[in-house]
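What the coordinates show
Chain residues, written in single-letter form:
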Protein chains: 2
Amino acid sequence: MESHTSNKGTDLLGLHDMTSKDYYADSYAHFGIHEEMLKDSVRTGSYRHAIVDNSHLFKGKTVLDVGCGTGILSMFAAKAGASHVVGIDMSNIIDQAQKIIEANGFKDTITLVKGKLEEAELPIQQFDIIISEWMGYFLLYESMLDTVLLARDRYLKPGGLLFPDNATIYLAAIEDQDYKEEKINFWDNVYGFDYSCIKDIALREPLVDTVDLKSVVTHPYLIKQIDLTTAKKEDLTFEAPFTLTATRNDYVHAFLAWFDISFKCTHKGVKFSTGPHAQYTHWKQTVFYTPSTIKVSESDTINGKLTCAPNARNNRDLDITISYETEGERPVTMSYKM
Amino acid sequence: MESHTSNKGTDLLGLHDMTSKDYYADSYAHFGIHEEMLKDSVRTGSYRHAIVDNSHLFKGKTVLDVGCGTGILSMFAAKAGASHVVGIDMSNIIDQAQKIIEANGFKDTITLVKGKLEEAELPIQQFDIIISEWMGYFLLYESMLDTVLLARDRYLKPGGLLFPDNATIYLAAIEDQDYKEEKINFWDNVYGFDYSCIKDIALREPLVDTVDLKSVVTHPYLIKQIDLTTAKKEDLTFEAPFTLTATRNDYVHAFLAWFDISFKCTHKGVKFSTGPHAQYTHWKQTVFYTPSTIKVSESDTINGKLTCAPNARNNRDLDITISYETEGERPVTMSYKM
């Protein structure tokens, strides 16, 4: 897959080049993530569409923006007629957000609070609407969903609205021979040396990357649906059985996961997908390589189970296991950490 | 420039996604930087060429590898006949390096030490050769050169060899209208909002990126030469006058810097360049946008001065200023932080 461009490598240049996190947090580079998110037109355009094109829902309402970043969603809400918007973020980016809302004349309509929602004192206690762009890779990696659910329980009026209000995770299987060679088997022979100890680690770390639709060899399977209006934090630890049906004779080298987001409460039910069939987003898709290649024929099924739980040491990281079996093969269970 | 692919954005996804540095340091992603460095064939191939093809220099010699990472250079030295190699690195990667040298049968030839060279106890006190891949973006950003010079003064035998032993930094001016629009002027209008406060910060942060040779509108000018056999730490803070001569009529939007590395002590004087005229390396080039566009005609000169000093708060970061003037224009001084 030529289109593959792993960001794992470049990611860590960021870490590598950073010897003082505080210092770095003030540098422009720290805003690079916001540049990428703002330039993700599927993401930002969908929120704008859901908010600005639904001013009938926002006119005169109070709005809480959880993890407001540069304040773009707060400004969309203000533009849509919100009576007052409170944006909260624990990152230094909020200092720039304050300059931005002032430069755009929202000083009186938008109040920004720097800190953790869990601890912060908000100027308003009950909101009509909560907006948040909380999604991470694989939907839940590093996601702020737990914070959004807390905000809902603590600050949303009965019958209040959540933007977005629905999320679904899908799973499929892909043919990925060439890229698996480059990313995984590469470690078998590095300038003639055996680096297989790193291969073992690489195999257990899901790869965030773009995958061509033509690599998908099974129908997608919905493994998790989250209704934000009713979901509980415990729902983010889950076990999901799946059945993947092959659409052609091929070889499977990995499972692929992606998510869809919808704003069901909007007039036209704005939604977007981060799947391989949809337009590029900065979330790309998530690839889970299998320890060995699976041979499938059209209409064959791969039956299995995916479990997902926050990592014990760092609850924004995820422990994921995928167990699967195919006709006549021994069952396999693979654990991943992301 | 279509080929532009900024890594500033993706870099920081790494930072963004990291809530526990220690935890992260153990994850595969932490090794992503090593994957990128190993797959940089100009970098790793040049070191292999300089070391393995010069076994007459390594046979029976003691070698110190400063910042050994996965141990690839140490293994090259062992393969070239070194009697003993000591590799030192403060990163967790050295735990994998230990497994790698054992898997490749170098357990007795290579000794790995985890820690800072400044504080570590080495099993050998005097070495015949010091090898190190210490270079960062713009040669000196996050570079380990100061540590390599310390290693030279403390551990290198009189007349001992340094791999590499020479580095030079070059400057040129480039036409970069389209990309400056995308990276800098983007902030003037973000979904109709004024984000210019971020534009000001963006302008002062050099951009690490690949630039097409055809964008270069002046002759390159050598602004800094470092002879590692004699350089002192103080030499890494410098002031360099420059004169850039335009090769055609065009507009200048940025200065461009890159570096060359050479192993003069080798039989054929192995060298490589990270310039826009050379094959891609993970160091790419470094772009310094000018506050305003400079109009140049063929053979016009841009006279100026570049100063470079370690940042006071974080000595692996750099404070860089570029002062320049062109015929009939007011002198400009721009300060950058990277």
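Just so it is clear, the structure is predicted and the values come from calculations on it, not from any experiment. (Residues numbered from 1 in each chain as written. Chains lettered and ligands numbered in written order. Predicted model: local features only at pLDDT ≥ 70, side-chain atom pairs only at ≥ 80, totals over all residues. Heavy atoms only, no water.)

**A look at the domain arrangement of chain A**
Residues and elements named next belong to chain A.
- Assigned domains of chain A: these are domain 1 (9-166) and domain 2 (167-337).
- Averaged C-alpha coordinates put domain 1 and domain 2 at centres separated by 28 Å.
- Taken together, the contacts link 37 residues of domain 1 with 42 residues of domain 2.
- When domain 1 packs against domain 2, close to 3600 Å² is buried across both sides, 68% of that on carbon and sulfur atoms.
- Summed over the three residues of domain 1 that lose the most area to domain 2, namely Phe138, Asp165 and Asn166, the buried surface amounts to 25% of that side.
- Counting every contact that joins domain 1 to domain 2 gives one salt bridge.
- A salt bridge links Arg316 to Asp146; the shortest N-O distance between them is 3.5 Å.
- Inspection of the region where domain 1 meets domain 2 yields 15 residue pairs in polar contact (both at pLDDT 80 or more).
- Counting residues per element, the side of domain 1 that touches domain 2 draws most heavily on helix 4 (residues 41-52), which supplies seven residues.
- A class-by-class count of the residues in the side of domain 1 that touches domain 2 yields 20 nonpolar, nine polar and eight charged. (Domains from an automatic or database assignment. Contact = heavy atoms within 4.5 Å. Buried area = accessible area lost by both parts, 1.4 Å probe. Salt bridge = Lys/Arg side-chain N within 4 Å of Asp/Glu carboxyl O. Polar contact = N/O pair within 3.5 Å; in protein donor to acceptor, adjacent residues only side chain to side chain. Helix = DSSP H or I, 4+ residues; strand = E, 2+ residues; numbered from the N terminus. Nonpolar A, V, L, I, M, F, W, Y, C, P; charged D, E, K, R; others polar.)

**As for the UniProt feature "domain: Methyltransferase" (unreviewed entry) in chain A**
- The positions that UniProt labels "domain: Methyltransferase" (unreviewed entry) are, in the present scheme, residues 63-160 of chain A.
- Span residues 63-160 of chain A is 31% helix and 27% strand, its end C-alpha atoms 10 Å apart. (UniProt positions renumbered as here; feature names shortened; annotations may be inferred.)

**Re the packing of aromatic side chains**
- Counted under the stated rule, the structure contains 34 aromatic pairs over all chains.
- Here the aromatic rings of Phe138(A) and Phe288(A) are separated by 5.6 Å at their centres, their planes lie at 75 degrees, and the arrangement is edge-to-face. Of this pair, Phe138(A) sits in the loop between strand 4 (127-132) and helix 8 (145-155) while Phe288(A) sits in strand 12 (residues 285-296), and the two are 150 residues apart along the sequence. Like Phe138(A), the residue Phe288(A) is buried in the burial classification.
- Ring geometry for Phe193(A) versus Phe106(B): centroids 6.0 Å apart, planes at 70 degrees, classification edge-to-face. Of this pair, Phe193(A) sits in the loop between helix 9 (177-183) and helix 10 (196-203) while Phe106(B) sits in the loop between helix 7 (93-103) and strand 3 (110-114), placing the two residues on different chains.
- Judged by its relative accessible area of 5%, Phe193(A) is buried. (Phe/Tyr/Trp six-rings, centres within 6.5 Å; stacked < 30°, edge-to-face > 60°. Buried < 20%, exposed > 50% of the residue type's maximum accessible area, 1.4 Å probe, protein only.)

**Quick notes on the confidence of the model for chain A**
- For chain A, per-residue confidence averages 91 on the pLDDT scale, and residues scoring 70 or more make up 91% of the total.
- Interface scoring of the predicted complex returns ipTM 0.88; its pTM is 0.89. (pLDDT = per-residue confidence, 0-100.)

**Some words on the environment of Trp134(A)**
- Of note, Trp134(A) is situated in the loop between strand 4 and helix 8.
- With residues up to four places along the chain from it excluded, the contact list for Trp134(A) reads Tyr47(A), Leu139(A), Ser143(A), Met144(A), Leu145(A), Val148(A), Pro164(A), Ala167(A) and Leu228(A).

**Topic: the state of the cysteines**
- All chains considered together, the criterion is met by zero disulfides over all chains.
- Note on Cys197(B): no disulfide assigned, nearest cysteine sulfur contributed by Cys68(A) at a separation of 13 Å.
- For Cys197(B), a relative accessible area of 16% puts it in the buried group.
- Lacking any disulfide linkage, Cys265(B) is separated from the closest cysteine sulfur, that of Cys68(B), by 20 Å. (Disulfide = S-S within 2.5 Å.)

**So, helix 7 of chain B**
All names here are of chain B.
- Here helix 7 has its buried residues at Ile93, Ile94, Gln96, Ala97, Ile100 and Ile101. For helix 7, the angular spread of the buried residues around the axis is 150 degrees, confining them to a single face.
- Backbone geometry just after helix 7 places Gly105 at a positive phi near 75 degrees. (Arc of directions from axis to C-beta.)

**So, the sheet that holds strand 2 (residues 84-89) of chain A**
Residue and element names in this part refer to chain A.
- Taken in spatial order, the five strands make up an open sheet running 3-2-1-4-5, and their pairing is parallel. Edge positions in the open sheet fall to strand 3 (110-114) and strand 5 (156-163), since each of these has one partner strand only. Averaged over all adjacent pairs, the angle separating strand axes in this sheet is 20 degrees, with direction ignored.
- Where strand 2 meets strand 3, five bridges bridge the pair, whose relative direction is parallel. Within strand 3, the position partnered with Asp89 by the bridge is Lys114.
- Each of strand 2 and strand 3 is contacted by helix 7 (residues 93-103), which is oriented at about 165 degrees to strand 3, the strand it contacts most. (Pairing = 2+ DSSP bridges. Axes fitted to C-alpha atoms, helices over the stretch in contact; angles between N-to-C directions.)

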